[in-house]
Amino acid sequence: MKFLKYTLLLLLVVVLLGLLYVAMQPSDYTIARSKVIKQPVSKVFNTVNDLKTWEKWGPWHDEDSTIVVTYGDKTVGVGANDTWTSKDGPGAMKTISLVPNKSICQELTFGNNEPSEIFWDFEEVEDGTKVTWVMEDDAAPFFFKIFSAFYGGWDAMLAPMLVKGLDNLDEVVKAIPDSYTLGSVKKIDLEEKSFIGYPYKMKIDFTAMQKVFLESLPKVAVFAEKHGLKEEDYTPGTLYHKWDEKVGETEFHIGLLLHKDIKGGEGMEKAKIMAGTYATIVKCGDYGIGDYEAHTKIGKYITENKMKSKFPIFELYTNDPSKVKKEDIQTEIYYPVK
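Thresholds, definitions, all that
- Residues numbered from 1 in each chain as written.
- Predicted model: local features only at pLDDT ≥ 70, side-chain atom pairs only at ≥ 80, totals over all residues.
- Heavy atoms only, no water.
- Core = buried A, V, L, I, M, F, W, Y, C linked by side-chain atoms within 4.5 Å.
- Buried < 20%, exposed > 50% of the residue type's maximum accessible area, 1.4 Å probe, protein only.
- Helix = DSSP H or I, 4+ residues; strand = E, 2+ residues; numbered from the N terminus.
- Contact = heavy atoms within 4.5 Å.
- 1 Å grid on protein atoms, 1.4 Å probe; cavity = no way out; pocket = protein on both sides within 12 Å on 5 of 7 lines; lining within 4 Å.
- Points joined across faces, edges and corners; volume = space filled by probe spheres on them.
- Nonpolar A, V, L, I, M, F, W, Y, C, P; charged D, E, K, R; others polar.
- Phe/Tyr/Trp six-rings, centres within 6.5 Å; stacked < 30°, edge-to-face > 60°.
- Lys NZ or Arg CZ within 6 Å of the ring centre and 35° of its normal.
- Lys, Arg positive; Asp, Glu negative; His and termini not counted.
- Salt bridge = Lys/Arg side-chain N within 4 Å of Asp/Glu carboxyl O.
- Polar contact = N/O pair within 3.5 Å; in protein donor to acceptor, adjacent residues only side chain to side chain.
- Expected span 1.5 Å × (residues − 1).
- Arc of directions from axis to C-beta.

Next up on the list: the nonpolar core. Among the nonpolar cores identified, the biggest contains 32 residues, and V48, W54, W57, W120, F122, W133 and L169 are the most heavily contacted of them. For this core, the secondary-structure elements that each account for two or more residues are β1 (29-37), α2 (41-49), α3 (54-57), β4 (91-99), β5 (103-110), β6 (116-125), β7 (128-137) and α6 (154-175). Broken down by element, this core gets its largest block of residues, eight residues, from α6. Setting aside its immediate chain neighbours within four residues, W54 contacts V48, W60, H61, M93, Q106, W120 and W133. Counting 19 residues, the second largest nonpolar core, distinct from the first, contains M209, I254, A294 and Y317.

The structure is reproduced here in structure tokens:
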């Protein structure tokens, strides 16, 4: 009996020491890993931004076949969310904020615990895109601290998962076919032109801006048809007067570059595209895909040739997307230079 008593006492001491060791583990952590993926930044960003792709590259899916994911009404952009069940319990994720082709912030929740945070950073580098995946928490549950102690610390527990996920992401992105092409940057001279369009001043928010474009471009088409304009009389486009990523604001007109003098409709304003020298590039592909790379390529051309640019810059949508394949939709981009 004494032996059993001492054995139980010893086990109790071991358990108490173990709990004390776990309690001494930090409740906060910031774990980050990076990888250079040799693909365009928009392609990598768009993959991570779409929660439905996570089942293809998320490292936990390799280890737990019992995971069942349920998607919310929105799976791309701010507000995108999903939930899941697994052998380790339920979880949920939601996208809180993002800067297109730059960063994504998400909340990750396990069970009824307080959410931890996920941060993504996307940086265009010479070889492609440097992706940084960060997991962060300032009040991890005691149960998670037990696992952390067992693995030897937060980094030892979480870092291999981030590395595996980034490796999987690399393979998934590489398998996605390119859906746009870029021409070479050219320098041309333009005569003065008139532009009429609907004015907007708003935060740089990809989702909100996409909504504005989807609402405004049909109105522009109706205006052109109502006034009997022929295709040779105008070209649809966007005239940007401001794009300030530091304060997150943009100002622009969505409307028509005119090849004949006409008055705008209700709510439209008239602006001038000044005569001068412009750096221009042609992008072929669906709207919103490859635009970042096209603007970046012009910016690099301007820098390498020691030129300066100023606003307004403009885009022209030179063919009807309903009459061509997505990969043949054409956008021309113009930067005034000197």
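A separate point is α2. Here α2 lies mainly inside the structure; eight of its nine residues are buried. Considered for burial, the residues of α2 that qualify are V41, S42, K43, V44, F45, T47, V48 and N49.

This part takes up the layout of surface pockets. One water molecule sets the probe size; rolling that probe over the atoms shows where empty space is left. The calculated volume of the largest pocket comes to roughly 1900 Å³. In terms of lining, the largest pocket is formed by 49 residues, of which the most central are F213, Y287, G288, D291 and Y317. Put simply, the parts of the chain that give the lining of the largest pocket at least two residues each are α2, α7 (206-226), β11 (234-244), α8 (291-304), β15 (313-317) and β16 (330-336). Considering each element in turn, the lining of the largest pocket owes the most residues, 10 residues, to α7. For the lining of the largest pocket, a count of residues per class yields 25 nonpolar, 15 polar and nine charged.

The next thing to look at is the packing of aromatic side chains. Here the structure, examined in full by the defined rule, presents 18 aromatic pairs. Each ring, one from W57 and one from W120, has its centre 5.8 Å from the other, and the planes form 90 degrees; the classification is edge-to-face. Residue W57 is found in helix α3, and its partner W120 is found in strand β6; the two are separated by 63 residues along the sequence. Grouping residues by exposure puts W57 and W120 together as buried. Judged by centre distance (5.8 Å) and plane angle (70 degrees), the rings of Y278 and F314 are edge-to-face. Here Y278 is found in strand β14 (residues 276-285), whereas its partner F314 is found in strand β15, with 36 residues between them in sequence. The two residues Y278 and F314 agree in class, both being buried. The rings of F45, W54, W57, W60, W120, F122 and W133 are connected pair by pair, giving a single aromatic cluster. Geometry around Y198 places K219 over its ring, the cationic atom sitting 4.2 Å from the centre.

Before going further, it helps to spend a moment on the side chain of E315. Secondary-structure assignment places E315 in strand β15. For the buried E315, no salt bridge exists, and the shortest N-O distance to an oppositely charged side chain is 7.7 Å, to K283. Here the side chain of E315 touches Y317 through a polar contact of 3.0 Å, side chain to side chain. For E315, the contacting residues outside a window of four places in its chain are P236, G237, T238, Y240, H295, T331, E332 and I333.

Attention now goes to α7. An ideal rise of 1.5 Å per residue puts 30 Å on 21 residues; α7 measures up with 30 Å between its terminal C-alpha atoms. Those residues of α7 not exposed but buried are M209, V212, F213, S216, V220, F223 and A224. Buried residues of α7, viewed axially, fall in a sector of 105 degrees; they line one side. Turned more than 90 degrees away from the buried face of α7 sit K211, L214, V222, E225 and K226, all of them exposed. Next to the buried residues of α7 lie β10 (193-203), β11, β12 (249-258) and β15. Near the N-terminus of α7, the side chain that reaches the backbone nitrogen of A208, with its oxygen 3.1 Å away, is that of D205. Following α7 by one or two positions, G228 has its phi on the positive side, about 65 degrees.

Considering the arrangement of structural elements, one finds I281 in strand β14. Between the C-alpha atom of I281 and that of L182, which follows or precedes it by 99 residues, the distance is 7.3 Å. Once residues within four sequence positions are removed from consideration, I281 is found in contact with L182, G183, S184, V185, A294, K297, I298, T331, E332 and I333.

The subject of this paragraph is unusual backbone geometry. Note that the residue after F311, namely P312, is joined by a cis bond; omega there is 5 degrees. Along the polypeptide, P312 turns up in the loop between α8 and β15. Its identity as a non-glycine residue notwithstanding, N101 has a phi of 65 degrees, on the positive side.

So, about the pattern of salt bridges. As enumerated under the stated definition, the model contains 10 salt bridges in all. Across the pair E192 and K272 runs a salt bridge, and its minimum N-O distance is 3.4 Å. A residue pair is termed long-range when its members are at least 10 positions apart, and E192 in the loop between β9 (186-190) and β10 and K272 in strand β13 (residues 269-273) qualify at 80 residues. Among the residues examined, K272 registers a relative accessible area of 44% and is labelled partly exposed. Taken together, the shared-partner salt bridges in this structure form one network comprising K35, D167, D170 and K174.

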